[in-house]
Amino acid sequence: QDPESPEASQFRLAAGRIAEVSFGLSTSPAVLTHYGVAANTVTLFRRVDNDRRDLDMNSKDVDAEKMTRFVRMNELRLVTEYNPVTAIGVMQSSLQLHLLLITDKMSPKHPKRMRKYQAAAELFKGKILFILVDSNLNSNERIVSFFKLKKSQLPALAIFHTPDEEQDVLTLDEVSVERVQDFCNRFLQ
C-alpha cells in the first residue's frame, strides 16, 4: 500500500494512540509474502499465544478508531487484564489453559503481586494464558462467583481448561513465582 495513502495516515494515527504496542508499515512484496499478508491489511501478531489477527482495510469505513478498537480487542499481553474489551481476545486465544489472578488492584500489595505473576508468566509463555481479574470491578463479579470464591478469599489463582471446563482454584496470602509455577505444573500433569 502507498505509505502516503489515507489508510496509511489512519494507521499512523491509530499507532500513536497505542504507544505500548509496536507498529510497522510495509509495502515490500517480500515482507507481505513472508507473513502471508494481503495488501491493505492490518495484521496483529500476538507473541503470547503465537497467533495473529487480520483486519481487512479494503472496507472504506475502517478508520483510526476502528483500528484502535481492533488492536485493543485482540491484543494479548504477557498478563492480560480481563475487561469487556479484552474478553474477545481472551476467548479467541489458541491457548486452552487460562490462569487467572483474581485480586484487588487497589491493594497496596498489588504491584508486588503483579511483578511476581508476570515473572511466572514468562515461564509458561505459549502454554498458559495469564489473566488479571480486578475483583473491584462489578463486571468481574460473575468470574469470582464462577470459581465459587468470595471476596474474603482473595487473592486467588484459578486455572481453567477451556475445552472441558476443568478447573482448580488456589487461595493465597502471597503471590510467588514458585507457588504459581507449582500450581500450574500440578494442573498440567
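Preceding this paragraph is the structure being described.
A few points on the structure. (Residues numbered from 1 in each chain as written. Predicted model: local features only at pLDDT ≥ 70, side-chain atom pairs only at ≥ 80, totals over all residues. Heavy atoms only, no water.)

1. Some points on the side chain of Arg 53
Positionally, Arg 53 belongs in strand 2 (residues 51–56). Setting aside residues up to four positions removed in sequence, Arg 53 forms contacts with Val 42, Thr 43, Leu 44, Arg 46, Phe 70, Asn 74, Gln 92 and Ser 93. (Helix = DSSP H or I, 4+ residues; strand = E, 2+ residues; numbered from the N terminus. Contact = heavy atoms within 4.5 Å.)

2. Focus: the nonpolar core
Counting residues in hydrophobic clusters, the biggest one holds 22 residues, and the most contacted among them are Leu 99, Tyr 117, Phe 130, Leu 157 and Val 180. Mapped by element, the contributors of at least two residues to this core are strand 4 (97–103), helix 5 (110–123), strand 5 (129–134), strand 6 (156–161) and helix 7 (177–188). Ranked by the residues each element gives to this core, the list is headed by helix 7, at 5 residues. Discounting chain neighbours no more than four positions away, the residues touching Leu 157 are Leu 99, Leu 100, Leu 101, Tyr 117, Asp 168, Val 169, Leu 170, Leu 172, Val 180 and Phe 183. The next biggest cluster of nonpolar side chains, apart from the first, holds 19 residues, and it includes Val 48, Leu 100, Val 133 and Ile 143. (Core = buried A, V, L, I, M, F, W, Y, C linked by side-chain atoms within 4.5 Å. Buried < 20%, exposed > 50% of the residue type's maximum accessible area, 1.4 Å probe, protein only.)

3. Considering the side chain of Ser 176
For Ser 176, the position within the fold is in the loop between strand 7 (166–171) and helix 7. Exposure remark for Ser 176: the relative accessible area of 17% places this residue in the buried category. Within polar-contact distance, the side chain of Ser 176 engages the backbone nitrogen of Arg 179 at 3.0 Å. (Polar contact = N/O pair within 3.5 Å; in protein donor to acceptor, adjacent residues only side chain to side chain.)

4. Side note on the sheet that holds strand 6
As a general point, the strands of a sheet are linked pairwise by backbone hydrogen bonds and lie either parallel or antiparallel. In space, the 5 strands of this open sheet follow the order 3-5-4-6-7, with mixed pairing throughout. The strands lining the two open edges of the sheet, one partner per strand, are strand 3 (79–81) and strand 7. Across this sheet, the average inter-strand angle for adjacent strands is 25°, counted without regard to direction. Sheet strands in contact with helix 7 are strand 4, strand 5, strand 6 and strand 7, and its direction is about 155° off that of strand 7. (Pairing = 2+ DSSP bridges. Axes fitted to C-alpha atoms, helices over the stretch in contact; angles between N-to-C directions.)

5. A word on the packing of helix 1 (residues 6–17) against helix 3 (residues 64–74)
With their axes 8 Å apart at the nearest point, helix 1 and helix 3 run at an angle of 50° to one another. The orientation of helix 1 with respect to helix 3, classified from their angle, is oblique. For the element pair helix 1 and helix 3, the recorded crossing hand is right-handed. Taking contact as the criterion, the partners of Glu 7, Gln 10, Phe 11, Leu 13, Ala 14 and Arg 17 in helix 1 are, on helix 3, Ala 64, Glu 65, Met 67, Thr 68 and Arg 72. The class makeup of the residues in the contact of helix 1 with helix 3 is 5 nonpolar, 2 polar and 4 charged. (Parallel < 35°, antiparallel > 145°, perpendicular 65-115°, else oblique. Left-handed = near helix turned anticlockwise from the far one by under 90°. Nonpolar A, V, L, I, M, F, W, Y, C, P; charged D, E, K, R; others polar.)

6. Topic: helix 5
Taking 1.5 Å of rise per residue, 14 residues should cover 20 Å, and helix 5 covers 20 Å from first to last C-alpha, within 8% of that figure. Where helix 5 is buried, its residues contact strand 3, strand 4, strand 5, strand 6 and helix 7. (Expected span 1.5 Å × (residues − 1).)

7. Some remarks on the environment of Leu 78
Structurally, Leu 78 is set in the loop between helix 3 and strand 3. In this structure Leu 78 comes out as partly exposed when scored by relative accessible area, which is 22%. Note: C-alpha distance between Leu 78 and Phe 45 (33 residues apart in sequence) is 13 Å. Those residues in contact with Leu 78 that sit more than four places away from it in its chain are Val 48, Gln 118, Ala 121, Glu 122, Lys 125 and Phe 130.

8. Details of a negative patch on the surface
Together, Asp 164, Glu 165, Glu 166 and Asp 168 make up a region of like negative charge exposed at the surface. Inspection of the secondary structure assignment puts Glu 165 in the loop between strand 6 and strand 7. (Patch = residues over 30% accessible without salt bridge, like charges linked within 9 Å, V, L, I, M, F, W, Y side chains within 5 Å. Areas by Shrake-Rupley, 256 points an atom, 1.4 Å probe, with all protein chains shown as cover. Salt bridge = Lys/Arg side-chain N within 4 Å of Asp/Glu carboxyl O. Lys, Arg positive; Asp, Glu negative; His and termini not counted. Charge placed at Lys NZ, Arg CZ, Asp CG, Glu CD.)

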